[in-house]
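This is what each chain is made of:
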Amino acid sequence: MKASISTSTPKTLVVKSLLIHRALFKSHSLQFLGHCRLHDLCNERRLSFSISCKLKVAQEKHNENNKPISKKIVISEAAPSVVEDDGSEARNGKVPPPEATMRMAGLLKRLPRRVLAILANLPLAIGEMFTIAGLMALGTVIDQGEAPDFYFQQYPEDNPVLGFFTWRWVLALGFDHMFSSSIFLGTMALLAASLMACTYTTQIPLVKVARRWTFLQSAEAIRKLEFSELLPRASVQDLGVILMGAGYEVFLKGPCLYGFKGLAGRFAPIGVHLAMLLIMAGATLSATGSFRGSVTVPQGLNFVVGDVLGPSGFLSNPTETFNTEVHVNRFYMDYYDSGEVSQFHTDLSLFDLDGKEVMRKTISVNDPLRYGGITIYQTDWSFSALQILKDDVGPFNLAMAPLKLNGDKKLFGTFLPVGDTDSPNVKGISMLARDLQSIVLYDQQGKFVGVRRPNSELPIEIDGTKIVILDAIGSSGLDLKSDPGVPVVYAGFGALMLTTCISYLSHAQIWALQDGTTVVIGGKTNRAKGEFPVEMNRMLDRVPELVETSHQNQSDGF
């Protein structure tokens, strides 16, 4: 049935209805006065009541069609539909978004989660690490930083390595500077993203779960844990003392107990990830922000640091230390009893722009010089010149040139003209040396004459010419490097070792409940699952047993 009511000018109306079927009302400004009787008959609810209310309606209010608002309230027996599209949103100026826009918004909300899930995939991260390891091995095999002509000869197209690898692969993919190439840095960035995604989606939630704990107040819940045991005639307070002695953090609340230890083991995987990120950040900084260079300097000469060092990437930024001048005071070598070179040393002095010596040190292999972020390594040596007297005239410095003969790694030679030096067929004395300790001399016909040691002042006469070898002047081979990423890499490896050791700590949790004179105990751990029950039984054996006193026995007898 339907009922219609007209409103009067005072805007007070009275509604009377005998039957309303499941009608839903919103009581925003209605004040119900009356008495209600509720009947339930044949799954039909009948409500008979009287309603008095006041309806506040603006006299001047009109709708958009300039029609007066209807002053009739229509009550229907049927409940309205849940959603009715009557265009009210459009009349209010609110246009519902199209379905495609809503789908796009939902996709954008779900996209970050999907990307994180893909990046946090363990097989993907393992594949990235193997790829980086393979690229590093390839960068070790292929000589780095050489001129293109070097790769043309080493990897020719007419004889490719493995049937396909030529110099085009090396230069196109940047394998001639592997550790600063885009493919290597891109793989490093992808691995870093995987580590961060794994930390955010897996490790941090695990830590949050581990830090959240509650007292278990049900003996049945404790018995369902990995380890559970009953201690008759025991006290939960005594158990707490035993656990504290074993290194547990213990909390008591009434009959309930909770204890844990090794929470740092839960944080360790996050530390491992952060350490790996630190190592990769340092390696990236080294590849894109460092300076490198090498120089061979004869004894007694100088060089400027900035003239030797060259940038390796777009983050390379020179400092004032690059203006430092380095002077090679002396170069000398140590020898084994067999005559082979065992070690070589260089005495270096560093001078600032004012010519003041700021540092002096004798370096050797594995003992570099460090100053102002620049490291100077002793890496090689050479033979610069041979100082001689000719017929007691001189001294003369004869330049020594490197020779390749019979596969000798180090062989140097020089030539002393004898006779007419303007003749097209100049003849003279040849001198060869493998190191700085002995010189082998040959006459004009190439016949062996003898051996002399520098500084021995022992003369030798060859084809009527008297020769005295005064000194063998060596050249120091130095490698210079300014690498701001080295401290970061060292810090990352230190943190990695520390957090790896911490990750082996077991995070153990124990719950207990005092049930009368019996203590119900349960626990679990994330590591050392075989040792955990043994440790628990050892601690439970130390819990004292409660003994009834004689007074209690007499009370029980009464």
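Residues numbered from 1 in each chain as written. Predicted model: local features only at pLDDT ≥ 70, side-chain atom pairs only at ≥ 80, totals over all residues. Heavy atoms only, no water.

### Here we look at the packing of aromatic side chains
The description of an aromatic ring pair rests on the distance of the ring centres and on the angle between the ring planes. Note the threshold: Here a Phe, Tyr or Trp ring, Trp counted by its six-membered ring, pairs with any other such ring whose centre lies within 6.5 Å, and the pair is stacked when the planes are under 30 degrees apart, edge-to-face when over 60, and tilted otherwise. Secondary structure is summarised from DSSP: a helix means a run of H or I of at least four residues, a strand means a run of E of at least two, and numbering begins at the N terminus for each. Two thresholds decide whether a charge sits over a ring: the Lys NZ or Arg CZ must be within 6 Å of the ring centre and within 35 degrees of the ring normal.
As enumerated under the stated definition, the model contains 16 aromatic pairs in all. Seen from their ring centres, Phe227 and Phe532 are 6.2 Å apart, and the 80 degrees between their planes marks the pair as edge-to-face. Taken as a pair, Phe227 in strand β4 (residues 227-231) and Phe532 in helix α12 (residues 531-540) lie far apart in primary sequence, 305 residues in all. If you follow Arg330 out to its NZ or CZ, it ends over the ring of Tyr332, 4.2 Å from the centre.

### Observations concerning the pairing of strand β17 (residues 412-418)
Short version of the rule: Classification of residues uses two cut-offs on accessible area relative to the type maximum, computed with a 1.4 Å probe and protein chains only: under 20% is buried, over 50% is exposed, and between them is partly exposed. Any two strands with at least two DSSP-identified bridges between them are counted as paired.
Where burial is concerned, most of β17 is hidden: five out of the seven residues are buried. Here two bridges tie strand β16 (residues 401-402) to β17, and the two strands are oriented antiparallel to one another. Residue pairing for β17: Pro402 is matched across the bridge by Phe412. Bridge count for β17 against strand β18 (residues 427-433) is seven bridges, and the pairing is antiparallel. The partner of Phe415 across the bridge, within β18, is Ser430.

### Re the pattern of salt bridges
Where we set the bar: The working definition used for a salt bridge is a side-chain nitrogen of Lys or Arg within 4 Å of a carboxyl oxygen of Asp or Glu.
As enumerated under the stated definition, the model contains ten salt bridges in all. Taking the shortest distance from any N to any O, the salt bridge between Asp380 and Lys410 comes out at 3.1 Å. Within this pair, whereas Asp380 is found in strand β14 (residues 374-390), its partner Lys410 is found in the loop between β16 and β17, the two being separated by 30 residues in sequence. Looking at Asp380, the relative accessible area reads 35%, which means it is partly exposed. Here Lys410 falls in the partly exposed class, since its relative accessible area comes to 27%.

### Observations concerning helix α6 (residues 182-211)
Put simply, the rule reads: The span one expects for a helix is its residue count, reduced by one, times 1.5 Å. Fitting one axis to the seven residues ending at a residue and another to the seven starting there, the bend at that residue is the angle between the two axes.
Between its terminal C-alpha atoms α6 stretches 42 Å, which fits the 44 Å expected from 30 residues at 1.5 Å a residue. If you look at α6, its biggest bend is around 40 degrees, right at Thr199.

### Some thoughts on a nonpolar patch on the surface
The test is simple: Residues enter patches when their relative accessible area tops 30% and they take part in no salt bridge; the joining distance is 9 Å for like charges and 5 Å for the nonpolar side chains Val, Leu, Ile, Met, Phe, Trp and Tyr. Areas reported here follow the Shrake-Rupley algorithm with a probe of radius 1.4 Å; residue values treat only the protein chains shown as occluding.
Taken together, the side chains of Val161, Leu162, Phe164, Trp169 and Leu173 define a hydrophobic patch exposed on the protein surface, amounting to about 500 Å² of accessible area. Examined against the element boundaries, Phe164 turns out to sit in the loop between α4 (148-154) and α5 (167-172). The class of Phe164 is partly exposed, set by a relative accessible area of 45%.

### Describing the side chain of His507
How we decide: A 3.5 Å cut-off defines polar contacts: any pair of N or O atoms within that distance qualifies, except that in protein one atom must be a possible hydrogen donor and the other a possible acceptor, and neighbouring residues in sequence count only when both atoms are side-chain atoms. Working rule for contacts: check all heavy atoms of both residues, and any pair within 4.5 Å makes them a contact.
Tracing the backbone through its elements, the reader meets His507 in the loop between α11 (486-502) and β23 (508-515). Judged by its relative accessible area of 2%, His507 falls in the buried class. Within polar-contact distance, the side chain of His507 engages the side chain of Arg266 at 3.4 Å. Leaving out residues up to four positions away in the same chain, His507 has contacts with Ala210, Phe260, Lys261, Gly262, Leu263, Arg266, Lys524, Thr525 and Asn526.

### Side note on the packing of α6 against helix α9 (residues 264-289)
Quick note on the threshold: For helices, the fitted line uses only the C-alpha atoms of the stretch in contact; every axis is such a line through C-alpha atoms, and the angle between N-to-C directions lies from 0 to 180 degrees. Should an angle fall under 35 degrees it is taken as roughly parallel, and over 145 as roughly antiparallel, whereas 65 to 115 is taken as roughly perpendicular and any remaining angle as oblique. Handedness of a crossing is defined here by the sense of rotation of the near helix relative to the far one, left-handed for an anticlockwise turn of less than a right angle and right-handed for a clockwise turn. Only Asp, Glu, Lys and Arg are considered charged in this grouping, and only Ala, Val, Leu, Ile, Met, Phe, Trp, Tyr, Cys and Pro are considered nonpolar; every other residue, Gly among them, is considered polar.
For the pair α6 and α9, interaxial distance at closest approach is 9 Å and the crossing angle is 160 degrees. It follows from the interaxial angle that α6 and α9 lie roughly antiparallel. In this structure, α6 meets α9 at a crossing whose hand is left-handed. Grouping the amino acids of the contact of α6 with α9 by side-chain chemistry returns 18 nonpolar, five polar and two charged.

### Considering the sheet that holds β23
With respect to topology, five strands assemble into an open sheet ordered β4-β24-β23-β6-β5, the strand pairing being antiparallel. Bordering the open sheet on either side are β4 and β5 (249-253), each of which pairs with just one other strand. Direction aside, the axes of adjacent strands within the sheet are offset by 15 degrees on average. Across the face of the sheet, helix α8 (residues 236-245) comes into contact with β5, β6 (256-261), β23 and β24 (518-525) while running at roughly 165 degrees to β5. Most of the contacts of α12 go to β4, to which it runs at about 15 degrees, and overall it touches β4, β6, β23 and β24.

### Here's the deal with the layout of surface pockets
So the rule is basically this: Think of a 1 Å grid over the protein atoms and nothing else: a 1.4 Å probe that fits but is trapped marks a cavity, an open set flanked by protein within 12 Å on at least five of seven lines marks a pocket, and residues with an atom within 4 Å of a point count as lining. Grid points are joined across faces, edges and corners, and a volume is the space filled by probe spheres set on the points.
For the largest pocket, the calculated volume is near 1100 Å³. Lining the largest pocket we find 35 residues, and of these Phe179, Ser180, Ser286, Ala287 and Arg292 sit closest to its centre. Elements with a contribution of two residues or more to the lining of the largest pocket: α3 (122-141), α6, α9, β7 (291-298), β9 (310-311), β22 (465-482) and α11. Looking at which element gives the most residues to the lining of the largest pocket, the answer is α9, with seven residues.

### Examining unusual backbone geometry
Negative phi characterises most residues that are not glycine, and trans characterises most peptide bonds. Residue Pro395 follows Gly394 across a cis peptide bond; omega there is 10 degrees. Relative to the helices and strands, Pro395 is located in strand β15 (residues 393-399). At Asn366, a residue that is not glycine, the phi angle is positive and equals roughly 70 degrees. Mapping Asn366 onto the fold places it in the loop between β12 (357-364) and β13 (369-371).

### Notes on the pairing of β15
Regular strands have side chains that alternate between both faces of the sheet. The pairing of β14 with β15 spans five bridges and is antiparallel. Note on β15: the bridge partner recorded for Ile388 is Phe396. Hairpin connection between β14 and β15: a loop of two residues separates the two successive antiparallel strands, and Asp391 in this loop has a positive phi of roughly 55 degrees.

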